[in-house]
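Observations on chain architecture
Each chain is listed here by its residues.
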Amino acid sequence: MEIILTQDVERLGSKDDIVTVKDGYGRNFLIPSKKAIVATVSAKKVLAENIRQRAHKEAKLKDAATKIAEQIVNKKITIGAKTSTSGKIFGSVNTIQLAEAINKKGFEIDRKQISIPEDSIKEVGTHTAKIKLHKEVVVEIEFEVVAE
């Protein structure tokens with residue numbers, strides 16, 4: 001049985017893939033749980049049109065993300081934190097504070113887009129973080145944590 005997936009299904013495929021499954025799996029699980037639809041001729045035409053339109057929108061989003069990435073790489077980001085005399089931070093610097101510092105520079109970045117290699121930063125100095133602006137555009141930025 002040929003079906004079109006309406007969402008990602010683990011170990012089967014991703015959204016909008018046309019896959020062949022056993023009849024029972026398709027009729028009894030995938031279609032009733034709204035994870036797939038039957039791949040008729042008209043459904044395939046609609047899918048092709050949707051993919052074409054989505055590709056156009058994705059290209060615009062990727063271009064915008066690339067422009068933001070080029071601008072954000074050159075910015076110097078500093079985060080102030082209360083520290084002890086030895087340079088240890090009271091608490092830690094996390095993605096929330098980094099997102100606030102980036103937003104002050106004029107970019108709209110959500111904290112969920114930022115990943116810090118270490119779980120949290122507990123020392124003063126220069127650190128790196130990755131910002132996922134688009135699924136294909138990931139920027140690595142350096143930021144500095146300074147004592148207040």
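Predicted, not measured: the structure shown is a model, and the values here were computed from it.

**Description of the packing of aromatic side chains**
Under the defined criterion, the tally for this structure stands at one aromatic pair. Geometrically, the ring pair formed by Tyr-25 and Phe-29 is stacked, given 5.7 Å between the ring centres and 15° between the ring planes. Here Phe-29 and Tyr-25 lie together in helix H1 (residues 23-30), a separation of four residues that amounts to about one turn.

**Considerations on the sheet that holds strand S4 (residues 77-81)**
Sheet architecture is open: four strands sit in the order S4-S9-S8-S6, paired in mixed fashion. Every interior strand has two partners, whereas the edge strands, S4 and strand S6 (114-115), have only one. Running over the sheet, helix H3 (residues 95-104) touches S4, S6, strand S8 (125-134) and strand S9 (137-147) and is turned about 130° from S4.

**Quick look at the side chain of His-127**
Tracing the chain through its elements places His-127 in strand S8. With relative accessibility at 17%, the residue His-127 sits in the buried group. A polar atom in the side chain of His-127 sits 3.1 Å from the backbone oxygen of Glu-123. In contact with His-127, other than residues within four places in its own chain, are Glu-118, Ile-121, Ile-141, Glu-142, Phe-143 and Val-145.

**Regarding the sheet that holds strand S2 (residues 18-20)**
Spatially, S2-S1-S3 is the arrangement adopted by the three strands of the open sheet, whose pairing is antiparallel. The outermost strands of the open sheet, each flanked by one partner alone, are S2 and strand S3 (36-38). Geometrically, the sheet is characterised by an average inter-axis angle of 40° between neighbouring strands, direction not taken into account. Across three bridges, the pairing between strand S1 (residues 2-5) and S3 is antiparallel. Looking at the pairing, Ile-3 lines up with Val-38 of S3.

**With respect to the environment of Asn-103**
With respect to the helices and strands, the residue Asn-103 is situated in helix H3. Asn-103 gets classed as partly exposed once you look at its relative accessible area, which sits at 36%. Contact partners of Asn-103, with chain neighbours within four places excluded, come to Glu-108 and Ile-109. A polar contact of 2.9 Å, which involves the side chain of Asn-103, links it to the backbone nitrogen of Ile-109.

**Details of the environment of Val-9**
Take Val-9: it is sitting in the loop between S1 and S2. On a C-alpha basis, the gap between Val-9 and Glu-148 in space is 49 Å, while along the polypeptide they are 139 residues apart. Leave out the neighbours within four places in its chain, and Val-9 touches Tyr-25, Leu-30 and Lys-35.

**Quick look at the UniProt feature "domain: Ribosomal protein L9" (unreviewed entry) in the chain**
With numbering matched to this structure, UniProt assigns "domain: Ribosomal protein L9" (unreviewed entry) to residues 1-46. Regarding residues 1-46, the helix share stands at 30% and the strand share at 22%, and the terminal C-alpha atoms are separated by 19 Å.

What counts, and where the lines are drawn
- Residues numbered from 1 in each chain as written.
- Predicted model: local features only at pLDDT ≥ 70, side-chain atom pairs only at ≥ 80, totals over all residues.
- Heavy atoms only, no water.
- Phe/Tyr/Trp six-rings, centres within 6.5 Å; stacked < 30°, edge-to-face > 60°.
- Helix = DSSP H or I, 4+ residues; strand = E, 2+ residues; numbered from the N terminus.
- Pairing = 2+ DSSP bridges.
- Contact = heavy atoms within 4.5 Å.
- Axes fitted to C-alpha atoms, helices over the stretch in contact; angles between N-to-C directions.
- Buried < 20%, exposed > 50% of the residue type's maximum accessible area, 1.4 Å probe, protein only.
- Polar contact = N/O pair within 3.5 Å; in protein donor to acceptor, adjacent residues only side chain to side chain.
- UniProt positions renumbered as here; feature names shortened; annotations may be inferred.

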